[in-house]
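Take a look at the letters that make up each chain.
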Amino acid sequence: MSPSPPPPPTMRSSAVESGNAAVKNVDDDGREKRTGTFLTASAHIITAVIGSGVLSLAWALAQLGWVAGTVILVTFAIVTYYTSTLLADCYRAPDPITGTRNYTYMGVVRAYLGGKKVQLCGLAQYGNLVGVTIGYTITASISLIAIGRANCFHKNGHGAKCSVSNYPYMGAFGLLQILLSQIPNFHELSILSIIAAVMSFSYASIGIGLAIAKVASGKVGKTTLTGTVIGVDVTASDKVWKAFQAVGDIAFSYAYTTILIEIQDTLRSSPPENKVMKKASLIGVSTTTVFYILCGCIGYAAFGNIAPGDFLTDFGFYEPFWLVDLANICIAIHLIGAYQVYVQPFFQFVESKCNKKWPENIFINKEYSWKIPYLGKWRVSLFRLVWRTNYVILTTFIAMIFPFFNSILGLLGALAFWPLTVYFPVAMHIAQTKVKKYSGRWLALNLLVLVCLIVSALAAVGSIVGLINNVKKYKPFKNLD
């Protein structure tokens, strides 16, 4: 299979020779000129990677202990950065600088590997993206609920019963996403992504600050080199399953290769996209690692082996309540932007398929433009309006029915991590650079693939055990206490 063909050379050359100003506003593939930069790519990566899960890393370290927890945090940062550089070189094919562009992860896999691997890639990528949007709807509602509960605890005491329904918050989040989903494509998310990245830094910094204050107070939990103690904190079987789940949580917390190609496709062509993307990946992963280590290690030092799953929404801290409120507001705002960063590639995948299948259909292909004061021209498509609205309504409804969906998301993450973050980047790198079979480099790369497959499998088992436990406790339409 070959990558998407560029426009005919005659079309490009005649257009350039004509000196038409409009033509100067297109790239080498005939599409509208890309304007993405190192800054916007870095913001997209940070928005995608630093999620509210950063606040659960103290729990992960509690399951693994100081030694294994810290080593695994750093190891997966290195693995993710390395495989992301391999994937960045595959955006163009066959040459990473002068080759033909591929606009999606599936397009890249089609260009280098072909066959059924293309469908496997699509299933893993888009299944994961849809799952993330449902999970973000639930997580945003939990953060908003935490604001009301924090105020209730401050007013009535920490032992008060502050029960709140999360369904109105899910509905409000869904309504906002219906509006934002009318943003035509990934290329126009830069401002939203930068705001979301700032929010990531804000709530992570607040969490770190609160944990430092707790450590300074001297009222800390017990920590050990190996984490939770069997017979004291957990049973032997719980120790095993939770350790598997913690390793998976750490590994998946770095993963952004699901949308790396779509981010890279927003970059201007000079300097070369792969070089800019590698720099953005280095900054994104390095920044993330610093925050992860600070949140995980200081959080574990503060709470010890009884660290909560999320030390803001699970009320590791009650005071100062206004600061806890501010952190949860930042989480909600971040998730508003992150939702769009993850859902836009899926929107474009579906719309591209429909455009190709029904190229003459006016409802699907026609766009209308309106001039909005201070915002400029706004493009609206009736198909986009109807389909995206229905998608948000459906995913919000699923979030309401299955409030334990984040456990399902953990399983989806386990299943998608290995193919998208490790296997495909390595396989395409071997095909692109023609690495000799059974050479030292070939063996090392395949060892990396095998180790990460084992990690994914163990994490999947841990996620299934956690999911079963959550299903047993599930009570539909129950308020959160």
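Structural data are supplied above this passage.
Residues numbered from 1 in each chain as written. Predicted model: local features only at pLDDT ≥ 70, side-chain atom pairs only at ≥ 80, totals over all residues. Heavy atoms only, no water.

**Q** Got a sec to walk through helix α6 (residues 167-180)? Specific residues and values, please.
**A** Owing to its 3.6 residues per turn, the α-helix aligns residues three or four sequence positions apart on the same side. Counted at 1.5 Å a residue, the expected span for α6 with its 14 residues is 20 Å, and the 20 Å between its end C-alpha atoms agrees. Residues Tyr 167, Met 170, Phe 173, Gly 174, Gln 177, Ile 178 and Leu 180 constitute the buried set of α6. Taken down its axis, α6 places every buried residue within 160 degrees of arc, on the same side. Exposed residues pointing more than 90 degrees away from the buried face of α6 are listed as Pro 168, Leu 175 and Leu 179. (Helix = DSSP H or I, 4+ residues; strand = E, 2+ residues; numbered from the N terminus. Expected span 1.5 Å × (residues − 1). Buried < 20%, exposed > 50% of the residue type's maximum accessible area, 1.4 Å probe, protein only. Arc of directions from axis to C-beta.)

**Q** Requested: an account of a nonpolar patch on the surface, with residues and values cited.
**A** A contiguous nonpolar patch, built from Ile 362, Phe 363, Tyr 368, Trp 370, Ile 372, Leu 382, Leu 385 and Val 386 and spanning about 720 Å² of accessible area, is present on the exposed surface. Broken down by secondary-structure element, the contributors of at least two residues to the nonpolar patch are α12 (362-365), β3 (367-372) and α13 (382-401). Inspection of the secondary structure assignment puts Trp 370 in strand β3. (Patch = residues over 30% accessible without salt bridge, like charges linked within 9 Å, V, L, I, M, F, W, Y side chains within 5 Å. Areas by Shrake-Rupley, 256 points an atom, 1.4 Å probe, with all protein chains shown as cover. Salt bridge = Lys/Arg side-chain N within 4 Å of Asp/Glu carboxyl O.)

**Q** Outline α13, listing residues and values.
**A** Its 20 residues place the ends of α13 29 Å apart at the C-alpha level, agreeing with the 28 Å of an ideal helix rising 1.5 Å per residue. Every buried residue belonging to α13 is among Phe 383, Arg 384, Trp 387, Arg 388, Thr 389, Tyr 391, Val 392, Thr 395, Thr 396 and Ala 399, and all of these are buried. Tucked into the core, α13 has its buried residues touching α5 (116-156), α6, α11 (321-357), α12, β3 and β4 (376-381). For α13, the side-chain oxygen to backbone nitrogen distance between the N-cap and Phe 383 is 3.3 Å, and the N-cap itself is Ser 381. (Contact = heavy atoms within 4.5 Å. Polar contact = N/O pair within 3.5 Å; in protein donor to acceptor, adjacent residues only side chain to side chain.)

**Q** Describe the layout of surface pockets, and please don't skip the residues or the numbers.
**A** Of the volumes computed, that of the second largest pocket is approximately 1,400 Å³. Surrounding the second largest pocket, 41 residues form its lining, Arg 31, Tyr 103, Asn 185, Gln 348 and Ser 352 being those nearest its centre. For the lining of the second largest pocket, the secondary-structure elements that each account for two or more residues are α4 (105-112), α11, α12, β4 and α13. When residues in the lining of the second largest pocket are grouped by element, the largest group, eight residues, is from α11. For the lining of the second largest pocket, a count of residues per class yields 11 nonpolar, 14 polar and 16 charged. (1 Å grid on protein atoms, 1.4 Å probe; cavity = no way out; pocket = protein on both sides within 12 Å on 5 of 7 lines; lining within 4 Å. Points joined across faces, edges and corners; volume = space filled by probe spheres on them. Nonpolar A, V, L, I, M, F, W, Y, C, P; charged D, E, K, R; others polar.)

**Q** Give a description of the environment of Thr 47 that names residues and reports values.
**A** By the element assignment, Thr 47 lies in helix α2 (residues 38-49). In the structure, Thr 47 is positioned 153 residues away from Ser 200 in sequence and 7.0 Å away in space, judged by C-alpha atoms. Not counting chain neighbours up to four residues away, the residues in contact with Thr 47 comprise Ser 193, Ala 196, Ala 197, His 334, Gly 337, Ala 338 and Val 341. Only 3.4 Å separates the side chain of Thr 47 from the backbone nitrogen of Ala 197, close enough to count as a polar contact.

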